[in-house]
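Below, each chain spelled out in residue letters.
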Amino acid sequence: GGSIVRGCTANSNGIAGISGGPSSLIEGNTARDNKFDGIAARTDSTVVGNVARHNGGDGIDVMSGSVVSGNSAYDNTSDGIEASADTVVSGNTTRTNTGFGLNGVASTAYIDNVFSDNNLVAADDRQVNSGLQIGSNVCRAVQHTGNSCP
């Protein structure tokens, strides 16, 4: 089995704030002001109920087969959530990340998320870069109206 990281604060680390190996549970943590990703998890992990903010990379970065649910990711230098193949992303909130709110691949399923004011340096205001929308999500950018999730 994988590791369990629960109820921790990772602040100002010179690498990722919290890293989990394959099949890890990362729950109820705060990762802030870390040099790279706030939370990084390997394959088949569950990342739930965390806050990732002001990190130098992605807020949350997971590999294939993982579940990312009920997290907040904001003000990160890269994407709010980066998710690989066959990952389910549900019930998260991402905002004001320099990269996408969700940066997925074609088989990244997402539902019941709020992606707002991400993708700060691009001209197109896309909140989601690839993925399979399997239910309702909210995608909005303050600078423009009519943004929808792909």
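In the block above lies the structure referred to throughout.
Only a predicted model underlies this, so the values are computations on that prediction, with no experimental measurement involved. (Residues numbered from 1 in each chain as written. Predicted model: local features only at pLDDT ≥ 70, side-chain atom pairs only at ≥ 80, totals over all residues. Heavy atoms only, no water.)

The next point concerns the packing of aromatic side chains. Under the definition given, this model contains one aromatic pair. Between Tyr-110 and Phe-115, the aromatic rings sit 6.1 Å apart at their centres with planes inclined by 70 degrees, giving edge-to-face as the arrangement. Over the face of the ring belonging to Tyr-74 we find Arg-95, whose NZ or CZ atom lies 4.1 Å from the ring centre. (Phe/Tyr/Trp six-rings, centres within 6.5 Å; stacked < 30°, edge-to-face > 60°. Lys NZ or Arg CZ within 6 Å of the ring centre and 35° of its normal.)

For the rest of this paragraph, the subject is the pattern of salt bridges. The final tally for this structure, using the stated rule, is one salt bridge. The salt bridge partner of Glu-27 is Arg-6, with a shortest N-O separation of 2.9 Å. Note that Glu-27 is positioned in strand S4 (residues 25-27) and Arg-6 in strand S1 (residues 4-6), a separation of 21 residues in sequence. Given the relative accessible area of 28%, Glu-27 is considered partly exposed. (Salt bridge = Lys/Arg side-chain N within 4 Å of Asp/Glu carboxyl O. Helix = DSSP H or I, 4+ residues; strand = E, 2+ residues; numbered from the N terminus. Buried < 20%, exposed > 50% of the residue type's maximum accessible area, 1.4 Å probe, protein only.)

Reading across the sheet, the seven strands line up as S1-S4-S7-S10-S13-S16-S19 and stay open at both edges, with parallel pairing between neighbours. Two strands bound the open sheet, and with one partner strand each, they are S1 and strand S19 (132-133). Here strand S7 (residues 46-48) pairs with strand S10 (residues 67-69) via three bridges, running parallel. If you follow Thr-46 over to S10, its bridge partner there is Val-67. (Pairing = 2+ DSSP bridges.)

Tracing the sequence through the fold places Ser-66 in the loop between strand S9 (60-62) and S10. For Ser-66, the side chain forms a polar contact with the main-chain oxygen of Met-63, separated by 2.9 Å. With residues up to four places along the chain from it excluded, the contact list for Ser-66 reads Arg-42, Thr-43, Asp-44, Ser-45, Asp-86, Thr-87 and Val-88. (Polar contact = N/O pair within 3.5 Å; in protein donor to acceptor, adjacent residues only side chain to side chain. Contact = heavy atoms within 4.5 Å.)

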